Amino acid sequence: MASLQHTTASLRSKHIPKTTNTLTRKPILNLSLPTFISPKLKLSLTKTRRSTGGVLGVRMSSPVAASYAAALADLAKSNNSLDATTADIEKIEELFSDPKVLDYFSSPIVEDSTKTKLLTEFATTSGLSPHTQNFLNILIESKRIDIVLDIAKEFELVFNTLTDTVPVVVTSVVKLESEHLAQIAKQIQKLTGAKKVRTKTVLDPSLVAGFTVSYGNSGSKFIDMSVKKKLEEIAAQLDLGDIKLAA
């Protein structure tokens, strides 16, 4: 993640301008970056497939984002690079989760060539696969970079379906040790019977201690092992409903 953080910091340090209604204002960027020379990726964007089977196998919330995600997943599957592409998508999602970065790349004021150069820098320092880098450039050319986060979410759904993977989010006060996360993943795998489990971690001081686990594509399945939950249960048993616990 060091390279990703460096690239994100680099983008921020370039004083990304706010988008305005005047087309005469252009960002001041002094960059010396390699020219993008990889062949363009040809994608066959399909109509959104619902939960009736096929590549997606799940209901999609955004038809356009779903089409792009399906196209990228099909390509990654044909290249036997689903895992690598998923790792790329996580890096992309982390970069564009910064509203300033997303606004900058979505701005019609900034020239496509400038966006492409910055994404080339990001792809190089982050070690993105060539087809993932090409995919980002297609989003720029198609004026669809504004939905890149939606595409990332849809791609995760596709990946989970294709690989029989259950996503797990573990929320705790402090970062859990890797062996503890492995134990949680093993238990979720037993509960669901899935072939794979992909774990993400989130920190939340309001839990006081302990942790919570949500799993499944919708995150609807939930296990609460936090001290906050225990305290709430004790308060309910003692009929202390009027007492509010500080977050």
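See the structure printed just above.
Residues numbered from 1 in each chain as written. Predicted model: local features only at pLDDT ≥ 70, side-chain atom pairs only at ≥ 80, totals over all residues. Heavy atoms only, no water.

Caption draft 1: Broad picture of the packing of aromatic side chains. For the coordinates displayed, the defined rule picks out three aromatic pairs. Taking the centre distance of 6.2 Å and the plane angle of 70° together, the rings of tyrosine 68 and phenylalanine 135 count as edge-to-face. Taken together, the residues span a long stretch of sequence, with tyrosine 68 in helix H2 (residues 63-78) and phenylalanine 135 in helix H6 (residues 130-141) at a distance of 67 residues. By the burial criterion, tyrosine 68 is buried, and phenylalanine 135 matches it. Three or more aromatic residues joined by ring pairs form one cluster here, namely Phe96, Tyr104 and Phe105. (Phe/Tyr/Trp six-rings, centres within 6.5 Å; stacked < 30°, edge-to-face > 60°. Helix = DSSP H or I, 4+ residues; strand = E, 2+ residues; numbered from the N terminus. Buried < 20%, exposed > 50% of the residue type's maximum accessible area, 1.4 Å probe, protein only.)

Caption draft 2: Spatial organisation of the nonpolar core. One finds Phe96, Phe105 and Val148 to be the most contacted residues of the largest nonpolar core, which totals 35 residues. Elements represented by at least two residues in this core include exactly H2, helix H3 (82-96), helix H4 (99-106), helix H5 (112-126), H6 and helix H7 (148-163). Here this core gets seven residues from one element, more than from any other, and that element is H7. If we ignore the near neighbours within four places in the chain, the residues touching valine 148 are Ile92, Phe96, Leu102, Leu136 and Leu139. Core analysis: the next-biggest nonpolar cluster, separate from the first, contains 10 residues, Val166, Leu176, Val213 and Tyr215 among them. (Core = buried A, V, L, I, M, F, W, Y, C linked by side-chain atoms within 4.5 Å. Contact = heavy atoms within 4.5 Å.)

Caption draft 3: A look at the pattern of salt bridges. Applying the stated criterion across every chain yields a total of six salt bridges. In this structure, aspartate 83 engages lysine 196 in a salt bridge whose closest nitrogen and oxygen atoms are separated by 4.0 Å. Residue aspartate 83 is located in helix H3, and its partner lysine 196 is located in strand E2 (residues 196-203); the two are separated by 113 residues in the primary sequence. Note on lysine 196: relative accessible area 36%, which makes it partly exposed. A salt bridge links arginine 198 to glutamate 156; its shortest N-O distance comes to 3.9 Å. (Salt bridge = Lys/Arg side-chain N within 4 Å of Asp/Glu carboxyl O.)

Caption draft 4: Structural view of the pairing of strand E3 (residues 211-215). Judged by how many residues are buried, E3 sits mostly within the fold: four of five residues are covered. Two elements, strand E1 (residues 165-172) and E3, share five bridges in a ladder whose sense is antiparallel. What sits directly across from serine 172, in E3, is phenylalanine 211. Strand direction decides the pairing type here: E3 and strand E4 (residues 221-224), joined by four bridges, are antiparallel. The partner of valine 213 across the bridge, within E4, is isoleucine 223. (Pairing = 2+ DSSP bridges.)

Caption draft 5: Main features of helix H8 (residues 178-192). Compared with an ideal rise of 1.5 Å per residue, which puts 15 residues at 21 Å, H8 spans 21 Å between its outermost C-alpha atoms and is within 8% of the ideal. Those residues of H8 lying buried are Leu181, Ile184, Ala185 and Ile188. Looking straight down H8, one finds its buried side chains confined to an arc of 100°; they lie on one side. For H8, exposure combined with an orientation more than 90 degrees from the buried face picks out Gln183, Lys186 and Lys190. Residues of H8 that are buried make contact with E1, E2, E3 and E4. (Expected span 1.5 Å × (residues − 1). Arc of directions from axis to C-beta.)

Caption draft 6: Up close: unusual backbone geometry. Unusually for a residue other than glycine, asparagine 80 sits at a positive phi of about 55°. The topology assignment puts asparagine 80 in the loop between H2 and H3. Backbone geometry at lysine 143 places phi at a positive 60°, although glycine is not the residue there. Looking at the element boundaries, lysine 143 is found in the loop between H6 and H7.

Caption draft 7: Seen up close, the packing of H3 against H6. Contact geometry for H3 and H6: axes closest at 10 Å, N-to-C directions at 45°. Considered as vectors, H3 and H6 are oriented oblique to each other. With respect to the hand of their crossing, H3 and H6 are arranged in right-handed fashion. Touching Thr85, Asp88 and Ile92 of H3 are His131, Thr132 and Leu136, all from H6. Here the contact of H3 with H6 is composed, by residue class, of two nonpolar, three polar and one charged. (Axes fitted to C-alpha atoms, helices over the stretch in contact; angles between N-to-C directions. Parallel < 35°, antiparallel > 145°, perpendicular 65-115°, else oblique. Left-handed = near helix turned anticlockwise from the far one by under 90°. Nonpolar A, V, L, I, M, F, W, Y, C, P; charged D, E, K, R; others polar.)

Caption draft 8: Representation of the sheet that holds E3. Taken together, the four strands give an open sheet; going across it, the order is E2-E1-E3-E4, and neighbouring strands pair in mixed fashion. At either margin of the open sheet sits one strand with a lone partner, and together these are E2 and E4. For this sheet the average axis-to-axis angle between neighbouring strands, irrespective of direction, equals 20°. Examined bridge by bridge, E1 and E2 share eight bridges and lie parallel to one another. When the bridges of E2 are listed, valine 168 appears paired with threonine 199.

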